[in-house]
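# Report on the structure
Spelled out, the chains give:
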Amino acid sequence: MLTRPFIAGAAIVVLLAALAFGTYSYDHARKDTIAKGVTIGGVDVGGMKRSAAEAELRRRILDPLNRSVVVDHGSKRWTLSAKEAKVATNLTATVDEAMLRSREGNILQRTWRGITGKKVHTRLEPNVTFSDAAIVRMLDRIRRAIDRPAMNATVKYTLQGPKTTPSHDGLAVQATALHKQIKTALGAPDTKRRFSAQTQHVQPKVSSDEIDKQAATMLVVDREHFQLRLYKDLKLAKTYSVAIGAVGRDTPAGLYHIQNKAVNPAWTMPYSDWVPKDQQGTVVPGGTAENPLKARWLGIFNGAGIHGVDPSEYGTIGHAASHGCVRMRISDVEDLYPRVPVGAPIYIA
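Here goes a summary of the coordinates provided. (Residues numbered from 1 in each chain as written. Predicted model: local features only at pLDDT ≥ 70, side-chain atom pairs only at ≥ 80, totals over all residues. Heavy atoms only, no water.)

## Observations regarding the overall build of the protein chain
Counted only if it meets this: Helical segments are the DSSP runs of H or I of at least four residues, strand segments are the runs of E of at least two, and each set is numbered from the N terminus. Any two residues whose heavy atoms approach within 4.5 Å are treated as being in contact. For accessible areas, the Shrake-Rupley method is used with a probe of radius 1.4 Å. Any residue's cover is judged against the shown protein chains and nothing else.
Counting its secondary structure elements, the protein chain contains nine helices and 25 strands. In the protein chain, once contacts between residues fewer than 6 apart in sequence are set aside, the share between residues at least 24 apart is 66%. Of the roughly 19800 Å² that the protein chain leaves accessible, carbon and sulfur atoms contribute 54%.

Listed below in structure tokens is the structure:
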């Protein structure tokens, strides 16, 4: 006959066996379920079966990542597909990690967590990869279509005076910022994938204003017509009749700049064959009858310059008669002198 203690003990054993079996069955049934409190890439997958979580992640993460990135600028448009960018993500591996996190602890801990609804508070981020080289290729296409170099202003000195071309601003894509935008779009499913390329103006190194200042005053010596022309602010201001170097002592052709200026300049006799050797290098004071440089001097190159001549030599104006200098009437050189700064270009042809 069974005793009460035996019956009670047997009942306890049966109850414990039932609890153990129930616990095992509950835990086994949830082995393919992700624990509550688990998120992947910001998507709450807690309580989902693996297949349901993978489907939700495809919809919320993979499908958006597979959309193309579109960049526009005005009427132009460029597209970078996910295939070209080689976009890839380890969603399957991340779900595997979520399953492992969900099975942490022993069977009793997992069962208690499931029954009470306690969360594991696990946030996982899938790894998204893409080809940066593909982004660079896209940027190159965009820049080729949009970028234009800045154009420097230029000036050309001719017998007809200064000829200028204006400067133009360039345009450049803000490539660094655009590169960052494209990278962010490829790696984040919740980021917009269409945007406009921003540009910035590129200033020329030489502006029109700088060229205008550079050519504000210009002299032209037209040897064929024995004229010196003064240009101010790119326009002909005045024409003077001059004498130029005689044959064999030609006024040097080319582009020069006024090197120095002087009022009633002293004259150093040059070391030339037309000056007696015992007088070469002699300095003749300015304003004296023996000094051929009358009134004003504007130096050009290697001892040649513009100067006035004695009225007795006005007959040489309009001829090739000097030793290389440009001769002017005294009234003309006095009129010219204050109008021409040191450094002004002078074109002789």
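## Structural notes on the pairing of strand β4 (residues 76-80)
So the rule is basically this: Should DSSP find at least two bridges between two strands, the strands are regarded as paired.
Across five bridges, the pairing between strand β3 (residues 69-73) and β4 is antiparallel. The residue bridging Val70 from the neighbouring strand is Thr79, located in β4. Hairpin connection from β3 to β4: two residues lie between these consecutive antiparallel strands, with Gly74 at a positive phi of about 65°.

## Topic: the side chain of Thr251
The test is simple: Accessible area is worked out with a 1.4 Å probe on protein chains only. A residue is then buried under 20% of its type maximum, exposed over 50%, and partly exposed in between. For the purposes of these results, a polar contact is taken to be a pair of N or O atoms within 3.5 Å, where, inside protein, one atom must be able to donate a hydrogen and its partner to accept one; residues adjacent in sequence count only when each atom of the pair is a side-chain atom.
Looking at where Thr251 falls in the secondary structure, it is placed in the loop between β16 (244-245) and β17 (254-257). Take Thr251: its relative accessible area is 2%, and that puts it in the buried class. At 3.0 Å, the side chain of Thr251 and the backbone oxygen of Gly324 are in polar contact. Excluding its chain neighbours within four sequence positions, the residues that come into contact with Thr251 are Arg223, Ile244, Gly245, Gly324, Cys325, Val326 and Ile348.

## Some thoughts on the layout of surface pockets
Using the following cut-off: With a 1 Å grid laid over protein atoms only, a set of points is called a cavity when a 1.4 Å probe fits there but cannot get out and a pocket when it is open yet has protein on both sides within 12 Å along at least five of seven lines; lining residues have an atom within 4 Å of a point. Grid points are joined across faces, edges and corners, and a volume is the space filled by probe spheres set on the points. In this classification, Asp, Glu, Lys and Arg are treated as charged, Ala, Val, Leu, Ile, Met, Phe, Trp, Tyr, Cys and Pro as nonpolar, and every other residue, Gly included, as polar.
Considering only enclosed or pocket space, the largest pocket measures out at about 670 Å³ in volume. Taken together, 30 residues line the largest pocket, and the ones lying closest to its centre are Trp267, Pro270, Gly303, Ala304 and Cys325. Put simply, the parts of the chain that give the lining of the largest pocket at least two residues each are β19 (267-268), β21 (294-301) and β22 (304-308). When residues of the lining of the largest pocket are assigned to their parent elements, the largest contribution, four residues, is made by β21. In the lining of the largest pocket, the residues fall into 14 nonpolar, 12 polar and four charged.

## What to know about the nonpolar core
Selection rule: The nonpolar core is taken to be a set of buried Ala, Val, Leu, Ile, Met, Phe, Trp, Tyr and Cys residues, with the residues joined through side-chain atoms within 4.5 Å.
Of all hydrophobic cores here, the largest spans 37 residues; its most connected members are Val71, Leu80, Ile142, Leu178 and Ile182. Of the residues forming this core, the biggest block, six residues, is contributed by helix α6 (residues 132-146). Formed by 22 residues, the second largest nonpolar core is a distinct cluster that contains Leu228, Tyr256, Ala295 and Leu298.

## Comments concerning the pairing of strand β14 (residues 227-232)
Both strand β13 (residues 217-222) and β14 contribute to a ladder of six bridges, which runs antiparallel. Bridging from a neighbouring strand, Leu219 pairs with Leu230 of β14. Summarising the sheet, β14 and strand β15 (residues 235-241) pair through six bridges and their orientation is antiparallel. In the strand pairing of β15, Tyr231 is matched with Leu236. Where β14 folds back on β15, the antiparallel hairpin that results is connected by two residues, among which Asp233 adopts a positive phi of roughly 55°.

## What about the environment of Val340?
Within the secondary structure, Val340 sits in the loop between α9 (330-336) and β25 (345-348). With a relative accessible area of 1%, Val340 lands in the buried category. For the pair formed by Val340 and Ile258, sequence separation is 82 residues and the distance between their alpha carbons is 8.3 Å. If near-sequence neighbours (up to four positions away) are discounted, Val340 is found in contact with Thr217, Leu219, Leu230, Ile258, Lys261 and Leu298.

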